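# Descriptive structure summary
Chain by chain, the residues run as shown.
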Amino acid sequence: MFNVLAQYWGTIRRSFAAADSAALKQAQLRVMIYQLPMMYGLLIINTWGMVLPHEDAIPGWQGVACPVVFTGICVLRVVSWIRRARTGVTAGNAAAIMRNSGRLAWVFSISFTAWSLSLLPYGGAAFKLHVAFYMAITVIGVIFCLMHVIKAAFTVTAIVNGALVVTFLSSGNSVFQAIAIDTSLVSLAMLVVSFTHFKNFSDLVAAQGENKRLANIDSLTNLPNRRAFFASLDKHFDSAQTSGSRLAVGLVDLDGFKSVNDIHGHSVGDHVLAEVASRLATAARGATTLARLGGDEFGIIVTDDCTDTGLSQLGLSICDVFRHPVLAGDISVRLGATIGFSTYPHTSRNKADLFEAADYALYEGKRCSRGTVTIFSETHRNEIIRESRIAQALRSPDLGSELHLAFQPIFSLDQQRTVGFEALARWQSALLGTVAPGEFIPAAERSGVINELTLALFTKALACAKQWPAHIGLSFNLSAHDFASEPTVKELAQRILSSGIEPARLDFEITETAMANDFDQVQKTADVLRGLGCGLSVDDFGTGYSSLSYLCNLPLTRLKIDRTFVSGLKKGTTAFTVVRTLLNLSRQMALDCVIEGVETAAELKTVAALGATLVQGYYCSRPMDAPAVAAFLKKEEGVEEPDWLPEN
Ligand code: C2E
Ligand code: CA
Ligand code: CA
């Protein structure tokens, strides 16, 4: 029994301690706003209901003046609670209101008890019973109304009923004594019920608080999640707008993370993400908010130093955390981060624009300067405007006829002749004039028309290649979006089969970035194309986030070494070592290797000395129109009229 009571007392103490939580105070106040006016109304009505039938017996100051003053105070309290109901409760004022209410419970209880007991001498047994009934029933009503403010309910019960019980027990009248005992038992039961209710209430508030916390936290990294990020952005944007201060949004995307999941599995991926998040949290201390937006993308809100210099410094310190590899057990993973920032009001006028601009800066960073910081600028804004014009023009019904292909020879140094042509898209738009593929291909990818465009170009490329001799191959560029689209790949396969061209003459070029997408899908597409007998090249090798695992895990046939390594290639330079290493690598892996962007005789000599067998570049030939291909091949072979030319 003692143990049960001790446990119960412990529960009461813990609940009282929990009542200090700010969230609970706010929740209590929200209930009190409706219950306390009712309680004061009850007090007023009960009080007058008690004095009016006995007005002749009670002296005026006690029978009229005290109830009038008491009523006045109660009315004032009701008015103040009604006002509070209108203005609402904030975390700021909740604590003070609760403190005041606690003090008022003491003042009210003591004065109410003193006044009620002071009436006892003025009447007979029936009057005394009425006073006792008034006190007991009022306290029961008050306990109900104060159920959510359990401390105040305890205070009122202890003071009012304590005084009533002591007075009646000591009266010597057995009826009064029985009433005292009954009243205290009922009050005790009421308190127990109220306490249980309060405990459930405070547990519910705590659970709601925990649910809210969980709904706003990313369970893997313990960082705020996407929802919390946007709530924080709303808050900081509104305050920046009101105060005229600056605000910056940053988006961080990990480079090379997808391959971690693909190669080592999701549990290693999760481990790596948690470690990355903790490094980012240390590096982004200057930021107001750092959140995980999903996958390997993180969001930053900066309110302090939003200058370009400040943001660059913050961004670089974030990129710097990847200088050291991330360890997951005995697996060591090398990652990078690309960051895009945008600022308000400097380059973005509203919240949605601010986020989109950061996204654009990130996209640009991923495209052109991985592993560094890109800050959205007016130039980007102009690019967006231009891109939206391009996107519009790409929807032109005449697009098919506006597109054509240029072909650049791929030259074999061993055979001293052209072995194939790379098809390069050209667009002569009626609206915009000549648009470079470097502009319209990304625009088509973004506006979702790339698959149609690829298929239209591929049909043209097949038609041209059909005119060439059988030993001349066709290299065709695929976008990451094509590679990821099953219907597009099916359609490509169908067109190859119905073209009558030997699939072995075809070679599809994809960049490393394309391979970094959904690896299962990349593998599926690679298998389909290789299954047909087509070749598969990694384009611009060395410029992306090169992962040798792709070379091992995909059925590739060729590497194309990017021209950035070839430009001004000289012995003793890093580029020279890179080209030599990549040539060795391709030899070891039994892959063909094309050196792109050979522009000078010196470059050709150097790459030839390094053992290159296939080259492509302005030195050999610039890209040419389809009709020029025949003349080019004819000239190369020194034949007046090659037999593969179609007869007129
Ligand atoms: P890429 O696939 O790396 O194509 C080679 C680019 O380098 C071509 O630019 C070509 O004209 C240029 N080039 C060739 N030799 C030299 C050289 O010696 N020096 C220099 N400075 N440049 C050289 P182009 O035609 O402007 O194409 C740019 C990019 O647009 C292509 O790069 C490719 O990524 C993309 N692209 C072109 N056509 C298509 C297409 O049909 N589909 C897709 N998805 N992308 C395409
Ligand atoms: Ca290419
Ligand atoms: Ca290339």
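Residues numbered from 1 in each chain as written. Chains lettered and ligands numbered in written order. Predicted model: local features only at pLDDT ≥ 70, side-chain atom pairs only at ≥ 80, totals over all residues. Heavy atoms only, no water.

The name given to the protein in an unreviewed UniProt entry is Diguanylate cyclase (GGDEF) domain-containing protein, with Paraburkholderia lycopersici as the source organism.

## Comments concerning the overall build of the protein
Per the secondary structure count, the protein includes 24 helices and 17 strands. When its C-alpha atoms are laid out on the principal axes, the protein stretches across 140 × 55 × 50 Å. Looking at the protein residue by residue over its 648 residues, the buried ones come to 48%. Considering only intrachain contacts with a sequence separation of at least 6, the fraction spanning at least 24 residues in the protein is 70%. Counting only carbon and sulfur atoms, one obtains 58% of the accessible surface of the protein, whose full area is about 31000 Å². For the protein, the centre of its 55 positive side-chain charges and the centre of its 59 negative side-chain charges are spaced 10 Å apart. (Helix = DSSP H or I, 4+ residues; strand = E, 2+ residues; numbered from the N terminus. Buried < 20%, exposed > 50% of the residue type's maximum accessible area, 1.4 Å probe, protein only. Contact = heavy atoms within 4.5 Å. Areas by Shrake-Rupley, 256 points an atom, 1.4 Å probe, with all protein chains shown as cover. Lys, Arg positive; Asp, Glu negative; His and termini not counted. Charge placed at Lys NZ, Arg CZ, Asp CG, Glu CD.)

## Considerations on the coordination of the calcium ion (ligand 2)
Donor atoms from the polypeptide that coordinate the calcium ion (ligand 2) comprise Glu422 (OE), Asn477 (OD1), Glu509 (OE) and Asp539 (OD), at 2.1 to 2.3 Å from the metal. Binding-site remark: the calcium ion (ligand 2) is held by donors from one chain whose sequence spacing is E-x54-N-x31-E-x29-D. The distance between the calcium ion (ligand 2) and the calcium ion (ligand 3) comes to 3.9 Å, and Asp539 binds to both of them. On the criterion of sequence distance, the pair formed by Asn477 in strand E11 (residues 473-477) and Asp539 in strand E13 (residues 535-541) is long-range, its members being 62 residues apart. (Donors = N, O, S within 2.8 Å, 3.2 Å for Na, K, Ca; no water.)

## Looking at the domain arrangement of the protein
Entries for the protein in the domain assignment read domain 1 (2-215), domain 2 (226-376) and domain 3 (389-638). Between domain 1 and domain 2, the C-alpha centre-to-centre distance is 54 Å. (Domains from an automatic or database assignment.)

## Observations concerning the pairing of strand E12 (residues 506-511)
Burial within E12 is extensive, with five of its six residues counted as buried. With four bridges joining them, E11 and E12 adopt parallel strand pairing. Bridging from a neighbouring strand, Phe476 pairs with Phe508 of E12. Bridge count for E12 against E13 is five bridges, and the pairing is parallel. The residue bridging Asp507 from the neighbouring strand is Gly535, located in E13. (Pairing = 2+ DSSP bridges.)

## What about the environment of Phe576?
In this fold, Phe576 is placed in helix H22 (residues 574-588). Residue Phe576 is classed as buried on the basis of its relative accessible area, which comes to 9%. When the C-alpha atoms of Phe576 and Asp625 are compared, they prove to be 33 Å apart, with 49 residues separating the residues in sequence. Beyond its immediate stretch of four places on either side in the chain, Phe576 contacts Leu569, Lys570, Lys571, Thr606 and Leu610.

## With respect to the side chain of Glu387
Summarising the element assignment, Glu387 is placed in helix H13 (residues 378-394). Since its relative accessible area comes to 18%, Glu387 is described here as buried.

## Here we look at the site of ligand 1
Taken together, 21 residues lie near ligand 1, and Ala425, Arg426, Asp539, Glu599 and Tyr618 sit nearest. Within the side chain of Arg426, an N or O atom sits 2.9 Å from an oxygen atom of ligand 1. In this structure, Asp539 approaches ligand 1 through a side-chain N or O atom, which is 2.9 Å from an oxygen atom. Out of a free accessible area of 790 Å², ligand 1 has 82% covered by protein chains. (Near = heavy atom within 4 Å. Polar contact = N/O pair within 3.5 Å; in protein donor to acceptor, adjacent residues only side chain to side chain.)

## Points about the UniProt feature "transmembrane region" (unreviewed entry) in the protein
Mapped onto this numbering, the UniProt entry gives "transmembrane region" (unreviewed entry) at residues 31-49, 61-82, 103-123 and 129-147. The span residues 129-147 carries 89% helix and 0% strand; its end-to-end C-alpha distance comes to 27 Å. (UniProt positions renumbered as here; feature names shortened; annotations may be inferred.)

## Some remarks on the nonpolar core
Grouped together as the largest cluster of nonpolar side chains are 76 residues, with contacts concentrated most on Leu394, Phe407, Trp427, Leu453, Trp468, Phe508 and Ile595. Per element, the largest residue contribution to this core is nine residues, and it comes from helix H16 (residues 450-465). In this view, Leu453 contacts Leu394, Leu399, Leu403, Phe440, Ile441 and Ala444; residues no more than four positions away in its chain are not counted. One finds Cys74, Leu119, Val131 and Val205 within the second-largest nonpolar core, a separate group that totals 55 residues. (Core = buried A, V, L, I, M, F, W, Y, C linked by side-chain atoms within 4.5 Å.)

## Focus on the pattern of salt bridges
Summed over the entire model, instances satisfying the criterion amount to 19 salt bridges. Between Arg213 and Glu210 there is a salt bridge whose closest N-O contact spans 3.2 Å. Here Arg213 and its partner Glu210 are both found in helix H7 (residues 174-215), three residues apart, which amounts to about one turn of the helix. Using a relative accessible area of 36% as the deciding quantity, one classes Glu210 as partly exposed. The salt bridge involving Asp320 is made with Arg323; its shortest N-O contact spans 3.0 Å. When salt bridges with common partners are traced through the structure, they connect Asp253, Asp255, Lys366 and Arg370 into a single cluster. (Salt bridge = Lys/Arg side-chain N within 4 Å of Asp/Glu carboxyl O.)

## Observations regarding the coordination of the calcium ion (ligand 3)
Within the protein, the calcium ion (ligand 3) binds to Asp539 (OD), Asp540 (OD), Glu596 (OE) and Glu596 (OE); these donor distances fall in the range 2.2 to 2.5 Å. One chain supplies every donor for the calcium ion (ligand 3), spaced along it as D-D-x55-E. On the basis of relative accessibility, which here comes to 7%, the residue Asp539 falls in the buried class.

## Let's talk about unusual backbone geometry
Following Tyr344, the chain continues into Pro345 via a peptide bond in cis, with omega recorded as 0°. Along the polypeptide, Pro345 turns up in the loop between strand E6 (336-344) and helix H12 (351-368). Even without glycine at this site, Asn222 takes up a positive phi of about 65°. By secondary structure assignment, the location of Asn222 is in the loop between H7 and helix H8 (226-243).

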